[in-house]
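Coordinate analysis (summary)
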Amino acid sequence: FDKMNDADRTSIHEAMEQQSISISKAGIIATLQARCAVIAAANPLKGTYDPSLSFTENVDLTDPILSRFDCICVVKDTVDPIEDERLAEFVVGSHRRLHP
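Residues numbered from 1 in each chain as written. Predicted model: local features only at pLDDT ≥ 70, side-chain atom pairs only at ≥ 80, totals over all residues. Heavy atoms only, no water.

1. Concerning the overall build of the protein chain
Each helix and strand counted, the protein chain has four helices and two strands in total. Moving toward the C terminus, one meets the helices and strands of the protein chain in the order α-β-β-α-α-α. Taken over C-alpha atoms, the radius of gyration comes to 20 Å for the protein chain, far larger than the 13 Å a tight globule of 100 residues would show. Dimensions of the protein chain along its principal axes, counting C-alpha atoms only, are 60 × 45 × 20 Å. Across the 100 residues of the protein chain, 16% fall into the buried class. Counted over contacts in the protein chain with a minimum sequence separation of 6, partners at least 24 positions apart contribute 35%. Carbon and sulfur atoms make up 56% of the accessible area of the protein chain, which totals about 8400 Å². Once the 10 positive and 16 negative side-chain charges of the protein chain are each reduced to a mean point, those two points are 6 Å apart. (Helix = DSSP H or I, 4+ residues; strand = E, 2+ residues; numbered from the N terminus. Rg over C-alpha atoms; globule rule 2.2 N^0.38 Å. Buried < 20%, exposed > 50% of the residue type's maximum accessible area, 1.4 Å probe, protein only. Contact = heavy atoms within 4.5 Å. Areas by Shrake-Rupley, 256 points an atom, 1.4 Å probe, with all protein chains shown as cover. Lys, Arg positive; Asp, Glu negative; His and termini not counted. Charge placed at Lys NZ, Arg CZ, Asp CG, Glu CD.)

2. Some points on the confidence of the model for the protein chain
Confidence in the prediction for the protein chain averages 85 pLDDT; 100% of positions are at 70 or higher. For the protein chain, the element scoring lowest by mean pLDDT is helix α1 (residues 6-18), at 77; helix α4 (residues 81-98) scores highest, at 94. (pLDDT = per-residue confidence, 0-100.)

3. Observations regarding the nonpolar core
Judged by nonpolar contacts, F1, M16, V59, L61, I65, L66 and F69 together constitute the single largest core of seven residues. Not counting residues up to four positions away in its chain, the partners in contact with F69 are F1, M16, V38 and A40. (Core = buried A, V, L, I, M, F, W, Y, C linked by side-chain atoms within 4.5 Å.)

4. Some points on α1
The end-to-end C-alpha distance of α1, which contains 13 residues, comes to 18 Å, matching closely the 18 Å that a straight helix rising 1.5 Å per residue would cover. Buried residues along α1 sit against β1 (20-25) and α3 (63-66). Count one or two residues on from α1 and you reach Q19, which has phi positive near 55 degrees. (Expected span 1.5 Å × (residues − 1).)

5. Details of the side chain of N58
Examined against the element boundaries, N58 turns out to sit in helix α2 (residues 55-59). If sequence neighbours within four positions are ignored, N58 has contacts with N43, P44, L45, T48, Y49, D50 and L53.

6. Observations concerning unusual backbone geometry
Positive phi, close to 50 degrees, is recorded for A26, a residue that is not glycine. By relative accessible area, which is 82% here, A26 ends up exposed.

7. A closer look at the state of the cysteines
Applying the stated criterion across every chain yields a total of zero disulfides. For C71, which is in no disulfide, the shortest distance to another cysteine sulfur is to C73 and amounts to 3.6 Å. (Disulfide = S-S within 2.5 Å.)

8. Quick notes on the pairing of strand β2 (residues 28-33)
Of all six residues in β2, zero are buried, a share of ten percent or less. Bridge analysis of β1 against β2 gives six bridges, and the strand direction is antiparallel. Paired with K25 across the two strands is I28, which belongs to β2. Between the antiparallel neighbours β1 and β2 lie two residues, among them A26 with a positive phi of about 50 degrees. (Pairing = 2+ DSSP bridges.)

9. Topic: the environment of P51
Summarising the element assignment, P51 is placed in the loop between β2 and α2. For P51 and V91, which are 40 residues apart along the polypeptide, the C-alpha to C-alpha distance reads 29 Å.

Right, dumping it as structure tokens:
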């Protein structure tokens, strides 16, 4: 979500806020219903989540956008080189077994 350009972010904000999308093409103007669920992800600004900052400051998303979500969950990766290597070996080993 944080990688979207401002125009796309504005468009999705309209869909989430008003549950409609306005389209203007070839002289035809239409408003379409937009009833859907949105699941989004955003990465921290500096690559690592800083617990001393608010969620908004960590991901640099505006309050109007964040207010459209019913549930916000923060998933943090705990830095652990031993566990990371064990997980990487598991993933690579699984891939090698399935795709020899």
